[in-house]
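Each chain is listed here by its residues.
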Amino acid sequence: MNYELGEAVISLRDINKTYPGVVPLHVLKDVSLDIRKGELVSIMGASGSGKSTLLNILGILDNYDSGSYILDDVMIKDLSENRAAELRNRMIGFVFQSFNLINYKNALENVALPLFYQGVGRRKRNALAMEQLERMGLADRAHHLPGELSGGQKQRVAIARALVTKPSLILADEPTGALDSKTSKEVMQVFRDLNDAGMTIVIVTHDPSVGAATDRIIRIVDGRIETNDQLSMINDKRLIIDC
Ligand code: ADP
Ligand code: MG
């Protein structure tokens with residue numbers, strides 16, 4: 001655990017989100033939470049409780065209806081798509097359950113892709129991508145296609161891709177959801193190592209063993225944050241038993 005926690009990097013106040021429809025669905029209800037620089041936090045809840053909706057808002061992939069969201073001192077509200085994309089690309093690395101790798105590009109090309117979109121030249125992008133693959137212990141897999149990699153290797157490639165733009169925050173949506181329990185533990189160790197190196201990480205999961213591997217669990221039940229008592233939640237093993 002990193003005890004030298006910094007300022008709030010994420011600050012949500014009374015966030016509400018309703019999906020419109022014949023029967024509108026009020027998915028997030030007065031959600032307030034703070035996440036500080038250097039934290040490794042999980043957001044845990046049952047399927048359908050609103051976790052991905054919340055993570056999409058945190059990642060500026062979706063809007064909210066009311067409340068406020070401040071990300072690193074920037075008010076995230078009704079941004080233009082360009083401005084949202086600019087903030088996302090500069091600040092946030094995403095990791096998803098299904099890896100979201102491009103199947104016909106090798107590991108190195110997948111990791112380098114966000115740099116291509118930033119206009120970084122080929123030589124530099126490949127060097128930076130290789131650096132992240134090395135960090136993930138995957139240098140010898142750089143020229144393999146995703147189809148030639150194990151699930152754990154694919155997720156480590158995806159993590160390398162999330163890191164290659166040097167974001168200040170990693171957001172992961174069920175990053176171990178497609179992995180067996182041994183591989184899941186290995187991927188959680190990767191997140192712990194990144195956190196030890198100072199990275200702020202938010203992991204959404206329904207898996208108690210994933211939550212237990214983080215320093216703080218934020219629980220969401222039917223779109224409401226159930227408890228967010230920062231001190232009592234830290235590494236409280238009783239949390240594993242009651243879910
Ligand atoms: P979780 O990630 O915790 O499983 P989600 O945030 O994906 O939950 O979904 C919360 C609720 O919102 C679910 O009932 C889901 O069916 C609904 N939902 C999710 N996305 C949409 C959408 N784009 N339009 C309408 N309903 C949605
Ligand atoms: Mg989800």
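From a predicted model like this one, the values you see are computed outputs, not experimental measurements.

Visitor: Just checking my understanding: could you explain helix α3 (residues 107-117) for this structure?
Guide: One turn of the α-helix equals 3.6 residues, which is why residues spaced by three or four share an orientation. Of the positions making up α3, those classed as buried are Ala107, Leu108, Asn110, Val111, Ala112, Leu113 and Leu115. Those residues of α3 hidden inside the fold are in contact with α4 (122-135) and α5 (151-163). The N-cap residue of α3 is Asn106: its side-chain oxygen and the backbone nitrogen of Leu108 are 3.1 Å apart. Count one or two residues on from α3 and you reach Gly119, which has phi positive near 80°.

Visitor: Can you walk me through the packing of α3 against α5 in this structure?
Guide: A pair of packed helices is captured by two measures, namely the crossing angle of their axes and the spacing between those axes. Taken N-terminus to C-terminus, the directions of α3 and α5 make an angle of 30°; their axes are 7 Å apart at the nearest point. When the interaxial angle is binned, α3 and α5 end up roughly parallel. In the packing of α3 onto α5, the handedness of the crossing is right-handed. For the pair formed by α3 and α5, the contact residues are Ala107, Asn110, Val111 and Pro114 on the first element and Val157, Ala160 and Arg161 on the second.

Visitor: So what exactly am I meant to see when it comes to the site of ligand 1 here?
Guide: Taken together, Tyr19, Leu25, Val27, Ala46, Ser47, Gly48, Ser49, Gly50, Lys51, Ser52 and Thr53 make up all the residues around ligand 1. Taking Lys51, its side chain carries an N or O atom lying 2.8 Å from an oxygen atom of ligand 1. With respect to ligand 1, the side chain of Thr53 contributes an N or O atom lying 2.5 Å from an oxygen atom. Coverage of ligand 1 by the protein amounts to 56% of the 560 Å² it exposes when considered alone. Of all elements in the fold, only β2 (25-36) and α1 (51-58) reach the threshold of two or more residues within the shell around ligand 1. For the shell around ligand 1, the element with the most residues is α1, which contributes 3 residues.

Visitor: Explain the packing of aromatic side chains here, please?
Guide: Centre distance and the angle of the planes are the two values used to describe a pair of aromatic rings. Going through the model one piece at a time under the given rule, you end up with 2 aromatic pairs. Look at Phe94 and Phe96: their rings are 5.9 Å apart centre to centre, the planes differ by 5°, and that puts the pair in the stacked class. Overall, Phe94 belongs to the buried group, its relative accessible area being 16%. For Phe96, a relative accessible area of 24% gives the class partly exposed. With 5.5 Å between their ring centres and 75° between their planes, Phe116 and Tyr117 make a pair best called edge-to-face. With relative accessibility at 45%, the residue Phe116 sits in the partly exposed group. A relative accessible area of 63% places Tyr117 in the exposed class.

Conventions adopted
Throughout this description, residue numbers start from 1 for each chain and increase along the sequence as written. Both sets of labels track the order of writing: A upward for chains, 1 upward for ligands. pLDDT decides what is reported in this predicted model: residues at 70 or higher carry local features, side-chain atom pairs at 80 or more are listed and counted, and totals for whole chains, interfaces and linings draw on all residues regardless. Excluding hydrogens and water, the side-chain figures rest on all heavy atoms present in the structure. Accessible area is worked out with a 1.4 Å probe on protein chains only. A residue is then buried under 20% of its type maximum, exposed over 50%, and partly exposed in between. Going along the chain from the N terminus, every DSSP run of H or I of four or more residues is numbered as a helix, and every run of E of two or more is numbered as a strand. By the convention used here, residues are in contact when the closest approach between their heavy atoms is within 4.5 Å. In protein, a polar contact means a hydrogen-donor-capable atom and an acceptor-capable atom, both N or O and within 3.5 Å, with residues adjacent in sequence counting only if both atoms are side-chain atoms; elsewhere, any N or O pair within 3.5 Å suffices. A fitted line through C-alpha atoms represents every axis, and for helices the fit uses only the stretch in contact; the resulting angles, taken between N-to-C directions, go from 0 to 180 degrees. Should an angle lie under 35 degrees it is considered roughly parallel, over 145 roughly antiparallel, and from 65 to 115 roughly perpendicular; all remaining angles are considered oblique. Crossing handedness is defined as follows: a turn of the near helix away from the far one that is anticlockwise and smaller than a right angle gives a left-handed crossing, while the clockwise case is right-handed. We call a residue near a given molecule or strand whenever any one of its heavy atoms falls within 4 Å of it. In this description, accessible areas are obtained by the Shrake-Rupley approach with a 1.4 Å probe, and a residue is regarded as covered only by the protein chains that are shown. Working definition: rings of Phe, Tyr and Trp (its six-membered ring) pair if their centres are within 6.5 Å, and the pair is stacked with planes under 30 degrees apart, edge-to-face with planes over 60 apart, and tilted otherwise.

Geometric descriptors of this kind do not, in isolation, establish any biological role.
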